[in-house]
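# Structure assessment
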Number of protein chains: 2
Amino acid sequence: MAVQKPSIPKGTRDFSPAEMMRRQYIFNTISSVFRTYGFAPLETPAMENLSTLLGKYGDEGDKLLFKILNSGDYAAGLDAEALRSASKICEKGLRYDLTVPFARYVVQHQGEIAFPFKRYQIQPVWRADRPQKGRYREFYQCDVDVIGSRSLLNEVELIGIVEEVFKRLGIGVTLKINNRKILYGIAEIMGHSDKMVDITVAIDKLEKIGMENVKAELRERGIEDEAIAKLQPILELKGSTAEKITTLRKLLLSSPMGQLGIHEISSVFDYVERQGIALPIELDLSLARGLNYYTGAIFEVKANDFAIGSICGGGRYDNLTGIFGMPDVSGVGISFGADRIYDVMVGLNLFPSEVDFATKALFVNLGTEEEAVALTALRAVHNAGISAEIYPDAGKMKKQMEYANRRNIPYVVIIGSNEVAEGRATVKDMRSGEQSSVPLDNIAQALR
Amino acid sequence: MAVQKPSIPKGTRDFSPAEMMRRQYIFNTISSVFRTYGFAPLETPAMENLSTLLGKYGDEGDKLLFKILNSGDYAAGLDAEALRSASKICEKGLRYDLTVPFARYVVQHQGEIAFPFKRYQIQPVWRADRPQKGRYREFYQCDVDVIGSRSLLNEVELIGIVEEVFKRLGIGVTLKINNRKILYGIAEIMGHSDKMVDITVAIDKLEKIGMENVKAELRERGIEDEAIAKLQPILELKGSTAEKITTLRKLLLSSPMGQLGIHEISSVFDYVERQGIALPIELDLSLARGLNYYTGAIFEVKANDFAIGSICGGGRYDNLTGIFGMPDVSGVGISFGADRIYDVMVGLNLFPSEVDFATKALFVNLGTEEEAVALTALRAVHNAGISAEIYPDAGKMKKQMEYANRRNIPYVVIIGSNEVAEGRATVKDMRSGEQSSVPLDNIAQALR
């Protein structure tokens, strides 16, 4: 067979051990917080029936699905025209997100599930997007949702999770919050409840393009100046959250839906305050979020000290499972962006140093007799739960030290003939260069 | 859009929270042992170029690859004949195992890797096999390998890992070990070193079909009786491992390769004994294992008290990376069969009870005032690192108790108006039915 120069498909990545240990630190931290709040893990298959996926992400999304060629003789009995139709030769596709498989799971297993159903899911998704910096064709999503309860306590619980996750990771963040019902109320008092999507798409850009450009875009979308004049004071609301809410309540007086949204958001703020949640939370009336299935609270989290898009976001939806025949099931969820969180932590140098080594101590291997002593000592270190290994071949100290350095191993344990004679080991700290002599029985202690 | 009855592709599975918690217990136990021995995690993409995968698993394997339809207009410029050729419309496929992607990774990144390279990899693989009981189209593999060292210490380390993993999981196991060089030596003294594969395929069936049938199969494969007469005493060797090795050394005297195999295996046994590894290890000369890339030690692990195939297996290979242009890199690895381990643990009732609940305590929700007190108490329980949740809607005790039961939550914390007045909570053990009254500050302690 000809020798091939190996490579991987564009837009996909290998994760080296150094990257994986950092990624696992992030995923373990997040899932540990999810578990503390009583959320349980769920996994769905990578492949879903195309009938499950198609039509759920818009026409653009349909084009970005990776389709799996039917196995066996996919072309059997098909003419050229049929072969040009992906739906004739593919029945399955790779999941595009975790939301649709979750909805599918809930509907399929509704009889076995105790509602409210609290689940988290950390799995890769695939999109045939054009690869570019920060955009991949395979990436992990990390979703947490509770479905089957309308209680605002669920929103508050998710805020508590956001606070705890970023506290544990050491990232200073601000949570922005808004409510789709308020956005509807705004459209309503503008006299354009039918154009809510146009309006929210425009005001979502406020931070990026500024008020004048938002107004220009609204005009282009057929909103007259009189309506825009009602919007502007809302977007320019100043003061504390309580002050904003008081003013907003007056401005949206004629919209029952708007009032409901204000009630929801002020209830959430009340809960947050009573629970002593210290996370900075900002009511941002320009926050809209793209996904149109949100119907209540919407969230977005940004890092305070690192310029990157949102690192976490989500909201409440009322009809996720409707498409699969189970209407009126309300839920709320958020999703953590692992790749961006990784970039923030690298940028701010936040990974604890112990995340960066797989092995805490390398036992050097200096010959048959020394090796035998080292193996016994190593076993005791393993039994103490400390990660350690022995260099598998007896040989030059220098080469073994280089190996320890390349693998970022912080301690080297040297057991040479002198040490064997004395019943001791030399433990070398590879960062400081310091060496200390310890009894063979005390190596685990010295490494702690 | 029409309502669809949701389902998943045949041969794939959803893993419910209850199953996931058990699976994670297995994966976490295994990876924690890997980490103790200094192995670091690696992940490769689900999709590989088909050029990486094709030709690596035999003709049968090629047929079982899931192929990804090229994105965009896959049919552009292709005539009907071309459209009938999967290689024209698919460039990528889903990985079939973790071994080939690992070899591809090592070759592609050889400049960055410090050898010996110790990695583990726990990811799903996909095979378009006909689904049947215990055989799925998507399943996890769980591989640990060290590559770039010929030292037998690596074999011993893997045996140590096997011992520790199954000790922690509580599964009694026996490790069977053999060596491909011994099998070659056997073929050699039979005068059929060219028929080593035929011979090993036949004797691999010894346990299943018995000696007479093995002999019949060998005859069918063109091995004459005289040669078979040399094989039989080897397969019928009795006594301790040391006795078997002594006899074998004599029987294979004329095969240098056989002698090398015996030297390797007896060295491994010596190490195991000196290290005090208590795992039962059996020298099984009929053990062959299917994969032809093994060149030295081969392993297989079986559960002692549950009838199922091997739950772990592996061996040494000398040329895994050769296909990608990097010859003569020796490695050794084993793979844990997570699905079978799961079945054994269910069958023997080995999962600790704490694996089976996501939430340790449910705080019931009995109204606005009670909820406020409960939320404060809940936050303290979370801060103590105990998984707990509050029922999100105030309502009937009975419904909330049912929810706790259905979710397998072992404790319920009741804070009603009496409890609020007294500054206490009632903690109910859902299994025993016992109730105790504790001060609000002491709930975490009571739940420990």
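Note: the structure precedes this text.
Presented here is an overview of the structure given in this document. (Residues numbered from 1 in each chain as written. Chains lettered and ligands numbered in written order. Predicted model: local features only at pLDDT ≥ 70, side-chain atom pairs only at ≥ 80, totals over all residues. Heavy atoms only, no water.)

### A closer look at the overall build of chain A
The condition that has to hold: Only runs of H or I of at least four residues qualify as helices and only runs of E of at least two qualify as strands under DSSP, and these elements are numbered from the N terminus. Put simply, the radius of gyration uses C-alpha atoms, and a globule should come to 2.2 Å times the residue count raised to 0.38. Each residue's exposure class comes from its accessible area (1.4 Å probe, protein chains only) as a fraction of the maximum for that residue type: buried when under 20%, exposed when over 50%, partly exposed otherwise. For every accessible area listed, the method is Shrake-Rupley and the probe measures 1.4 Å; residues are considered covered only by the protein chains on display. Under this rule, positive means Lys or Arg and negative means Asp or Glu; His and the chain ends count for nothing. For the purpose of locating charges, the reference atoms are NZ of Lys, CZ of Arg, CG of Asp and CD of Glu.
The number of helices and strands found in chain A is 18 helices and 16 strands. Here chain A has a C-alpha radius of gyration of 28 Å; the compact-globule value for 448 residues is 22 Å, and the former is much larger. With the C-alpha coordinates of chain A rotated into their principal frame, the extents come out at 90 × 70 × 45 Å. Buried residues in chain A amount to 59% of all 448 residues. With the model as given, the accessible surface of chain A reaches about 18,400 Å², and the carbon-plus-sulfur share is 49%. Taking the 54 positively charged and 58 negatively charged side chains of chain A as two groups, their mean positions are separated by 2 Å.

### A few points about the packing of helix 9 (residues 196-203) of chain B against helix 10 (residues 206-220) of chain B
Each pair of packed helices can be summarised by the angle the axes make with each other and by the distance between the axes. Residue and element names in this part refer to chain B. Short version of the rule: To get an axis, fit a line to the C-alpha atoms, keeping to the stretch in contact for a helix; angles then go from 0 to 180 degrees between the N-to-C directions. Here the word oblique covers every angle except those under 35 degrees (roughly parallel), over 145 (roughly antiparallel) and from 65 to 115 (roughly perpendicular). In this analysis, two residues are considered to be in contact whenever any of their non-hydrogen atoms come within 4.5 Å of each other.
Running from N to C, helix 9 and helix 10 cross one another at 140°; their axes reach a closest spacing of 8 Å. On the basis of their axis angle, the class for helix 9 and helix 10 is oblique. Residue-level contacts link Ile199, Val201, Ala202 and Ile203 of helix 9 to Leu206, Val214, Glu217 and Leu218 of helix 10.

### Remarks on helix 14 (residues 338-347) of chain A
Residue and element names in this part refer to chain A. Where helix 14 is concerned, the buried positions are Ala338, Asp339, Ile341, Tyr342, Val344 and Met345. Looking at the buried side of helix 14, the elements it contacts are helix 1 (17-36), strand 6 (138-147), helix 7 (153-169), strand 9 (294-303) and strand 11 (331-336). Two residues or fewer past helix 14, Asn349 is found with a positive phi of approximately 60°.

### Notes on the interface of chain A and chain B
Stated precisely, the cut-off is as follows: The term buried area denotes the loss of accessible surface (1.4 Å probe radius) that occurs when two parts are joined, taken as the sum for both partners. Salt bridge criterion: a side-chain nitrogen from Lys or Arg within 4 Å of a carboxyl oxygen from Asp or Glu. Between N or O atoms, a polar contact is any pair within 3.5 Å; within protein, one atom must be a potential hydrogen donor and the other a potential acceptor, and residues adjacent in sequence are included only when both atoms are from side chains.
The partner chain B presents 106 residues to the 106 residues of chain A that form the contact. Surface buried jointly by chain A and chain B totals about 8,800 Å² across both partners, of which 55% is contributed by carbon and sulfur atoms. Summed over the shared surface of chain A and chain B, the result is 6 salt bridges. The residue Lys118(B) makes a salt bridge to Glu389(A) at a minimum N-O spacing of 3.5 Å. The tally of links between chain A and chain B comes to 53 residue pairs in polar contact (both at pLDDT 80 or more). Among the elements that make up the side of chain A that touches chain B, the one with the highest residue count is helix 1 of chain A (6 residues).

### With respect to the pairing of strand 14 (residues 411-414) of chain B
Residues and elements named next belong to chain B. Under the convention used in this document: We call two strands paired when DSSP finds no fewer than two bridges between them.
Of the two faces of strand 14, the one holding Tyr411 and Val413 and the one holding Val412 and Ile414 are both buried throughout. Of the pairings in the sheet, the one linking strand 12 (residues 361-363) to strand 14 comprises 3 bridges and is parallel in character. Among the inter-strand pairings, Phe363 is bridged to a residue of strand 14, identified as Val413. Bridge count for strand 14 against strand 15 (residues 424-429) is 4 bridges, and the pairing is antiparallel. Residue pairing across strands places Val413 opposite Val427, the latter belonging to strand 15.

### Brief notes about the packing of aromatic side chains
As a reminder, the rule being used: Ring pairs are drawn from Phe, Tyr and Trp, using the six-membered ring of Trp, whenever the two centres fall within 6.5 Å, and their geometry is named by plane angle: stacked under 30 degrees, edge-to-face over 60, tilted for the rest. The criterion for a charge sitting over a ring is simple: Lys NZ or Arg CZ within 6 Å of the ring centre, and within 35 degrees of the ring normal.
Per the counting criterion, the structure on display carries 24 aromatic pairs over all chains. With a centroid separation of 5.7 Å and 55° between ring planes, the pair formed by Phe34(B) and Phe336(B) is classed as tilted. Of the two residues, Phe34(B) is situated in helix 1 (residues 17-36) and Phe336(B) in strand 11 (residues 331-336); the sequence distance between them amounts to 302 residues. Taken together, the aromatic side chains of Phe34(A), Tyr120(A), Phe166(A) and Phe336(A) make up a single cluster linked through ring pairs. If you follow Lys118(A) out to its NZ or CZ, it ends over the ring of Phe39(A), 4.7 Å from the centre. One residue, Arg119(A), lies across the ring of Phe102(A), its end atom 3.8 Å from the ring centre.

### Focus: the relation of the copies chain A and chain B
The condition is simple: For this overlay, a least-squares fit was computed on C-alpha atoms, restricted to residues scoring pLDDT of at least 70 in both copies.
For the pair chain A and chain B, the superposition axis carries a translation of 0.0 Å, the fit reaches an RMSD of 0.1 Å, and the rotation angle comes to 180°. What the superposition gives is, in effect, a two-fold axis relating one chain to the other. Here 100% of the interface residues in chain A have copies in chain B that are interface residues too; the copies meet face to matching face.

### With respect to the packing of helix 8 (residues 180-189) of chain B against helix 13 (residues 256-274) of chain B
Residue and element names in this part refer to chain B. Quick reminder of the rule: Crossings are classed by handedness, with left-handed meaning an anticlockwise turn of the near helix from the far one by less than a right angle and right-handed meaning a clockwise turn. Classes in brief: Ala, Val, Leu, Ile, Met, Phe, Trp, Tyr, Cys and Pro nonpolar; Asp, Glu, Lys and Arg charged; the others, Gly included, polar.
Orientation of helix 8 relative to helix 13, taken along the N-to-C sense of each, is 150°, at an axis distance of 7 Å. Classified by the interaxial angle, the pair formed by helix 8 and helix 13 is roughly antiparallel. As helix 8 packs across helix 13, the resulting crossing turns out to be left-handed. For the pair helix 8 and helix 13, contact is made by Lys181, Ile182, Tyr184, Gly185 and Glu188 and by Pro256, Met257, Gly258, Leu260, Gly261, Ile262, Glu264 and Ile265, respectively. A breakdown of the residues in the contact of helix 8 with helix 13 according to their chemical character gives 7 nonpolar, 3 polar and 3 charged.

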